[in-house]
Amino acid sequence: MNLLAISVNHHTAPVSLREEVHLSSDEIKNYIDELKEKYFSEGFIVSTCNRTELYGIPKESNASYLALEKFLIDKNPKNNLTDEHFQKFFSCSALNHLFKVAAGIDSMLIGDNQILGQVKESFQLAQEKQFAGFLVNRVFDSAIRVGKRAKTETTISDGAITVSYAAVQLVEKIFSNLSKKSALVIGMGETGKIAAQHLHDKHIGNLSITNRTIEKSEKIATELDAQILPFERFKEYLADFDIIISATSSPNLILTKEEIKTMMKKRGNAATVLMDIALPRDIDPEVRNIDNVFYNDIDSLNIIVEHNMKKRKDEIPKVQTIIMEELINFFGWYNSLEIAPTIKSLRDYYEEIRLAEVEGYKNKFTKEDQEKLELVTKRIINKLLHHPTTELRKVAGQGINTTESAAKIALVRDLFGIDNQNNFKA
Amino acid sequence: MKNAVDVSNILLPLFYFASFAIYLYDFQKGERRLSNVKRLFLFLTLFFHIFYLIARTVAFNHPPITNVFEIFTMLAFSVSFSYFILELVTDIRGTGLFIIVLSLIFQTISSLFIVDLLEVKEVLRSNLLGVHVLHALLGYAGITISAVYGFLYLMLYKELKLNKFGLIFERLPNLEILEKLSFYSAIIGFVLLSVAIGIGVIWLPRAFPKFSYFDPKLVATFLVWLMYGIGITTKITGKLQGKKVVVFSIVGFGLAIFSTLVTNFLAKSFHAFY
C-alpha cells in the first residue's frame, strides 16, 4: 500500500519551528486543494500545536518526500524548517505512526485526551473536501478504532498529568460531590484560570474568583458562571469555601496560619482543601498541621503528576499490542483486495482455455457425452485451482507481511500471464 | 449430615481465604476485569456459609449460637454478608479486602476450635433467643464495618496529610464517602443492636427470673449502645464531623470488643452460657 506521510512534530522540531507550519482549518482546506491537484489522489492533513503531518496516496512519481516538504516549507517563506525536521513514513510505517498518534502515545503528554478528536477533525475536513477516498476512509476507521480501544482497554489516559488537574484530582479524593461544594480561586493568571476552568468542568456547586485587577476577573466570571469577590475583602468570606486555590504572583504570603485557624473555627472544623499553586507560595505551609486542613503546593502536586505519567508510560506496551492487532487487521483486509481479483483472473484464464478446448473438440462427442465433457473439464479445472486458490487466500490472511504477499501475487500473475485489471498498487 | 458439617467446616476458611486473595489481588493490580469476578466469589462463599449454618442447625438440632466459636462463625457470616449488601447498594468495591479479612479470621478461629454440642441448655433452644442473637450479631457486624471504614478513613487522611499518593490514595474511595460508609454502618449497627437489646429485655425475665439489671453484660452493652447513640445524635446535629466521627466509631468498636471479652470470659454474668 503506497501511503506516504511526512511529519513535523515535537520530537523533531522546537515549538518556534512547529508554529511556522501550524495550519488552521481554513488553511488545511486550501492546502488540500493543492495537494489534490499536484500530489495525492486521496489523503488528509493533521495539524495540532505539537505536529503537522501530511498523509496521502501518491498520484504519480512526483509525490516524493522532498516535494512534500518543499510544499509545506514554501507556504511560509519565513520559516527555518529543513529536511532534518521532518519524519518520513511509507505504507506500514505510515499507518503505524498514525495509529500511535491517534492512541496518544506519540503525544508530548502520553495518553493525551485531545488528539483523537483532532485526528477525527482532520478526517472530517478531508471528507468535506472529497479528499478521503476508499483507502483513506478505511485508514480513518482503523485509526479511530485504535484510539478508542486504547482509551477503553487500557488506562493510558487515566490520572492527572498537569498540576491544575492534579489539584482537582486531589480535591475529588477528599470530597465526593463537588456540586455541593464551594470554591474560591485567588489570582486569575493562566494557572488560576485553568484551575477555575477545571472546577467549572467538574460542576462545582459555587465558584468564586478574586483578583487584584477586577477587569481580568469579569470576563472569566461570565465564562465560568462565577462570582467575583473584591480582592481587598475576600478574606472576610474564607469560611464560606470548602476549596481554596491560590495562584497569584504575589512575592509574599497572602494567607497566614492564623487566618486559616480562624477560618476553620468559623467552619466548625469542616474539611477544607487549600491548593497553593503559586510560586512563591501564597499560603503559609504550616497550615498543613491544622486538623482537617488539606494543604498542597506545586511540589506535592507534581508528585501526583509524575506518578500518573509513569503509570501511563507503563501502559504503552498494551497500546502497542492494540496497534499491532489493528495493523494486522488492516493489511489483512488490504491484501484481500488484491487476492480476490487475482483469483478471479486466474479462474477466468483457466475457464477461457477450457471453453476453447471444449469448443474445438465437442463435435467429436455425442450430445450426452458433451455434457459429461463439460462436467469433467470443469472438475479438472477446480481440482487444479483448489490448492493455488487456498494458498492465495492464506496469503491474504497473513496481515502485514505485504512484501511476501505481494511477491506471491506477482509470481502467480507472471507464471500464468494474467493481465492485471485491478487499480491497487503494491 | 454430620459429615457435611465437618467437611464444610474445613472448606469454609478456604473459601474466605480465596475471596480475600481475589480482593487483595484486585486492590493491588486495579484490573477492571476482576471487578465482577471477586463479587461473584464472595457470593459463592456466602452461599456456602449459609449451607453450613443450616447444616449445623439440622445436625445438632439447634441454631449455631450455643458456644463462643459458633458465635464466631455467625459473626464471620454477618460481617461478610453485611459488606456484600453494602457493596451491592453503593457499588464501592475497593474496600472489601479490609472487611473480608475479619470474616476470614473469625471463621478460621471458629473452624479450629468449634465444639459440636448435641446437648445444650434448654434456655439456648428458645426461638426468641435466636432472634435476639441474630440481631445482636448483625448489630455488631455493623459496628465492626463502621470501625473498619473508620480505619480506612484515618489511613487515607494520613496519606493526604503527608502527601503520599500510593495504593491507599489510588484505590480507596474519597474521605467523604468513607465517613458516610462508617456512619451509615454505625447507624444500622445501632438500630439492630437496639432491637437485640429490646428482645433481650423481653426475653430476659422469662429465661432468668433472678437476673439483675446490674449484670456486667447488661451494663457493658448499655454503655456501648449509649455511646453510639450519643455519637450518632451529635453527628446528625452537626456538632461532630470528619475525623472525629470515625475516631468515635473506632473507640466505640474497641469498647464493644473489650466489654464482650470481659463479660464472656472474666466477669460472672448470666450471659456466659458456655
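From a predicted model like this one, the values you see are computed outputs, not experimental measurements. (Residues numbered from 1 in each chain as written. Chains lettered and ligands numbered in written order. Predicted model: local features only at pLDDT ≥ 70, side-chain atom pairs only at ≥ 80, totals over all residues.)

Brief notes about the overall build of chain A
Counting its secondary structure elements, chain A contains 14 helices and 10 strands. Relative to the globule expectation of 22 Å for 426 residues, the C-alpha radius of gyration of chain A, 32 Å, shows a markedly less compact shape. Overall, the C-alpha framework of chain A stretches about 115 × 50 × 30 Å when taken along its three principal axes. Looking at chain A as a whole, 38% of its 426 residues qualify as buried. Pairs at least 24 residues apart make up 72% of the contacts formed inside chain A by residues separated by at least 6 positions. (Helix = DSSP H or I, 4+ residues; strand = E, 2+ residues; numbered from the N terminus. Rg over C-alpha atoms; globule rule 2.2 N^0.38 Å. Buried ≥ 20, exposed ≤ 12 C-beta atoms within 10 Å, placed from the backbone. Contact = placed C-beta atoms within 7 Å.)

Concerning the overall build of chain B
A tally of regular secondary structure across chain B gives nine helices and zero strands. In sequence order, the secondary structure elements of chain B are arranged as α-α-α-α-α-α-α-α-α. In terms of C-alpha radius of gyration, chain B reaches 19 Å, essentially the compact-globule figure of 19 Å for 274 residues. Once the C-alpha set of chain B is aligned to its principal axes, its extents read approximately 60 × 50 × 30 Å. In chain B, once contacts between residues fewer than 6 apart in sequence are set aside, the share between residues at least 24 apart is 81%.

Considerations on the domain arrangement of chain A
Residue and element names in this part refer to chain A. Here the domain parsing of chain A yields domain 1 (4-156), domain 2 (163-304) and domain 3 (324-416). Centre-to-centre, using C-alpha coordinates, domain 1 lies 39 Å away from domain 3. Counting residues at the interface gives nine residues for domain 1, matched by six residues for domain 3. Taken together, the residues of the side of domain 1 that touches domain 3 sort by class into four nonpolar, three polar and two charged. (Domains from an automatic or database assignment. Nonpolar A, V, L, I, M, F, W, Y, C, P; charged D, E, K, R; others polar.)

Quick notes on unusual backbone geometry
For the bond running from leucine 279 of chain A to proline 280 of chain A, omega is -5°, close enough to zero to count as cis. The residue asparagine 292 of chain A is not glycine, and still its phi comes out positive at about 65°. By secondary structure assignment, the location of asparagine 292 of chain A is in the loop between strand E9 (272-276) and strand E10 (293-297). Residue classification places asparagine 292 of chain A among the buried residues on the basis of 20 C-beta atoms within 10 Å. Phi is positive for aspartate 91 of chain B, close to 60°, though the residue is something other than glycine. In this structure, aspartate 91 of chain B sits in the loop between helix H3 (68-90) and helix H4 (96-113).

Quick notes on the domain arrangement of chain B
Often the size quoted for an interface is simply the accessible area lost on bringing the parts together. Residue and element names in this part refer to chain B. Split into domains, chain B comes out as domain 1 (1-120) and domain 2 (122-274). Here the C-alpha centre of domain 2 lies 20 Å away from the C-alpha centre of domain 1. Contact residues are listed per partner, giving 22 residues for domain 1 and 22 residues for domain 2. If you list the elements that add at least two residues to the side of domain 1 that touches domain 2, you get helix H1 (2-29), H3 and H4. Per-element tally for the side of domain 1 that touches domain 2: the top contributor is H3, with seven residues.

Some words on the interface of chain A and chain B
With 17 residues of chain A at the interface, the matching set in chain B holds 12 residues. For the side of chain A that touches chain B, the secondary-structure elements that each account for two or more residues are E10 and helix H11 (298-314) of chain A. It is H11 of chain A that provides the largest number of residues to the side of chain A that touches chain B, a total of four residues.

Side note on the pairing of strand E2 (residues 40-48) of chain A
Of all nine residues in E2 of chain A, eight are buried; the element is thus mostly enclosed. If you look at the hairpin formed by E2 of chain A and strand E3 (residues 51-58) of chain A, you'll find two residues sitting between the two strands. (Pairing = 2+ DSSP bridges.)

Comments concerning the sheet that holds strand E1 (residues 4-9) of chain A
Residues and elements named next belong to chain A. Spatial ordering of the open sheet is given by E2-E3-E1-E4, a layout of four strands whose pairing is antiparallel. In this open sheet, the two strands that pair with only one neighbour each are E2 and strand E4 (87-90). Each strand of the sheet is rotated relative to its neighbour by a mean of 15°, with strand direction disregarded. Of the strand pairs in this sheet, E1 and E4 are connected by four bridges, and their pairing is antiparallel. If you follow serine 7 over to E4, its bridge partner there is glutamine 87. (Axes fitted to C-alpha atoms, helices over the stretch in contact; angles between N-to-C directions.)

So, the nonpolar core
Among the nonpolar cores identified, the biggest contains 115 residues, and Ala167, Ala183, Ile245, Leu274 and Ile277 of chain A together with Leu75 and Ile100 of chain B are the most heavily contacted of them. When residues in this core are grouped by element, the largest group, 17 residues, is from helix H5 (residues 127-161) of chain B. The contact partners of alanine 167 of chain A, leaving out residues within four places of it in the chain, are Ala195, Ile245, Met275, Ile277, Asn296 and Leu301 of chain A. The next biggest cluster of nonpolar side chains, apart from the first, holds 54 residues, and it includes Phe40, Leu68, Phe131 and Ala132 of chain A. (Core = buried A, V, L, I, M, F, W, Y, C linked by C-beta atoms within 7 Å.)

Points about the sheet that holds strand E8 (residues 243-246) of chain A
Residues and elements named next belong to chain A. Ordered in space as E7-E6-E5-E8-E9-E10, the six strands form an open sheet in which the pairing is parallel. Where the open sheet ends on each side, the last strands, each with one partner, are strand E7 (227-228) and E10. Across four bridges, strand E5 (residues 182-186) lies against E8 in parallel orientation. If you follow isoleucine 186 over to E8, its bridge partner there is serine 246.

Structural notes on the packing of H4 of chain B against H5 of chain B
All names here are of chain B. Interhelical geometry of H4 versus H5 gives an angle of 135° and a closest axis separation of 10 Å. One way to sum up the angle between H4 and H5 is to call them oblique. Here H4 runs over H5; the crossing is right-handed. Between H4 and H5, the contacting residues are Phe98, Ile99 and Leu102 on the first element and Thr144, Ile145, Val148 and Leu152 on the second. (Parallel < 35°, antiparallel > 145°, perpendicular 65-115°, else oblique. Left-handed = near helix turned anticlockwise from the far one by under 90°.)

Here we look at helix H12 (residues 316-361) of chain A
Compared with the 68 Å implied by 1.5 Å per residue over 46 residues, the 67 Å span of H12 of chain A between its first and last C-alpha is a close match. All of the buried residues in H12 of chain A are Val319, Ile322, Ile323, Glu326, Phe330, Phe331, Tyr334, Asn335, Glu338, Ile339 and Thr342 of chain A. (Expected span 1.5 Å × (residues − 1).)

Digging into the confidence of the model for chain B
Residue and element names in this part refer to chain B. Averaged over every residue, the pLDDT of chain B is 86; residues scoring 70 or more account for 92%. In the model of chain B, helix H9 (residues 243-266) stands out as the element of lowest mean pLDDT, 84, in contrast to H4, which has the highest, 93. Across the whole predicted complex the pTM is 0.76, and at the interface the ipTM reaches 0.82. (pLDDT = per-residue confidence, 0-100.)

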